[in-house]
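Given next are the chains, with one letter for each unit.
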Amino acid sequence: MSSDSNKDEFFYPHGRYYGEVKPENLVFNANLQEFAQRVSYICNLETAGKIKSEQAYKQIKDLWKQIKLSKRELGIGENLFESDSDDEPPTP
């Protein structure tokens, strides 16, 4: 591995996905990991006194709106109780 690759893995770690493998789930998982990473950076900047609390709050609130929009657009969490097949009745 090159040093750039190692540096990227260090600064932008991604955990393995263990859920149901569907494209929308994988995309949302990547978005969620990026959200968590960015919130961590914002918190660290605020803790170090580099940005004000109000600015950190606004940035995190904006990120939260983005992740909610991503969830909605990808349809994550919708139709939780519908089965994949219309031929089989749902199990009680």
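Residues numbered from 1 in each chain as written. Predicted model: local features only at pLDDT ≥ 70, side-chain atom pairs only at ≥ 80, totals over all residues. Heavy atoms only, no water.

So, the environment of Phe-35
Item 1. Within the element layout of this structure, Phe-35 appears in helix H2 (residues 23–47).
Item 2. Take Phe-35: its relative accessible area is 17%, and that puts it in the buried class.
Item 3. Taking the C-alpha atoms as reference points, Phe-35 and Trp-64, 29 residues apart in sequence, are found 7.8 Å from one another.
Item 4. When near neighbours in sequence (up to four residues on either side) are disregarded, Phe-35 contacts Leu-63, Trp-64 and Ile-67. (Helix = DSSP H or I, 4+ residues; strand = E, 2+ residues; numbered from the N terminus. Buried < 20%, exposed > 50% of the residue type's maximum accessible area, 1.4 Å probe, protein only. Contact = heavy atoms within 4.5 Å.)

A short note on the nonpolar core
Item 1. Counting residues in each nonpolar core, the largest one holds nine residues, listed as Phe-28, Phe-35, Val-39, Ile-42, Ile-51, Ala-56, Leu-63, Ile-67 and Ile-76.
Item 2. For this core, the secondary-structure elements that each account for two or more residues are H2 and helix H3 (53–74).
Item 3. In this view, Ile-76 contacts Glu-24, Asn-25, Phe-28 and Lys-71; residues no more than four positions away in its chain are not counted. (Core = buried A, V, L, I, M, F, W, Y, C linked by side-chain atoms within 4.5 Å.)

So, the confidence of the model for the protein
Note that predicted coordinates carrying low pLDDT should not be read in detail.
Item 1. When pLDDT is averaged across the protein, the result is 83; 75% of the residues are at 70 or more.
Item 2. Looking over the protein, one finds the lowest element-wise mean pLDDT in helix H1 (residues 3–11), namely 68, and the highest in H3, namely 97. (pLDDT = per-residue confidence, 0-100.)

Examining the packing of aromatic side chains
To describe a pair of aromatic rings, you give the distance between the ring centres and the angle between the ring planes.
Item 1. Within the structure shown, the criterion is met by one aromatic pair.
Item 2. On the numbers, 5.9 Å between centres and 55° between planes, the contact of Phe-35 with Trp-64 is tilted. Remark: Trp-64 occurs in helix H3 and Phe-35 occurs in helix H2; sequence separation between them is 29 residues.
Item 3. Owing to a relative accessible area of 47%, Trp-64 belongs among the partly exposed residues under this scheme. (Phe/Tyr/Trp six-rings, centres within 6.5 Å; stacked < 30°, edge-to-face > 60°.)

A short note on the packing of H2 against H3
Item 1. In the contact formed by H2 and H3, the axes pass within 10 Å of each other and the chain directions differ by 180°. It follows that H2 is roughly antiparallel to H3 by the angle criterion. For the pair H2 and H3, the contacting residues are Glu-24, Val-27, Phe-28, Asn-31, Leu-32, Phe-35, Arg-38, Val-39, Ile-42, Cys-43 and Glu-46 in the first and Ser-53, Ala-56, Gln-59, Ile-60, Leu-63, Trp-64, Gln-66, Ile-67, Ser-70, Lys-71 and Leu-74 in the second.
Item 2. For the contact of H2 with H3, the class distribution of residues is 13 nonpolar, five polar and four charged. (Axes fitted to C-alpha atoms, helices over the stretch in contact; angles between N-to-C directions. Parallel < 35°, antiparallel > 145°, perpendicular 65-115°, else oblique. Nonpolar A, V, L, I, M, F, W, Y, C, P; charged D, E, K, R; others polar.)

Overview of the pattern of salt bridges
Item 1. Counted by the stated rule, this structure contains three salt bridges.
Item 2. Here Arg-38 ties to Glu-34 by a salt bridge, and the two come within 3.9 Å at their closest N and O atoms. Residue Arg-38 and its partner Glu-34 are located together in helix H2, separated by four residues, close to a single helical turn.
Item 3. Among the salt bridges present, the one from Asp-62 reaches Lys-58, with a minimum N-O distance of 2.9 Å. Of this pair, Asp-62 and Lys-58 both sit in helix H3, separated by four residues, roughly a single helical turn. (Salt bridge = Lys/Arg side-chain N within 4 Å of Asp/Glu carboxyl O.)

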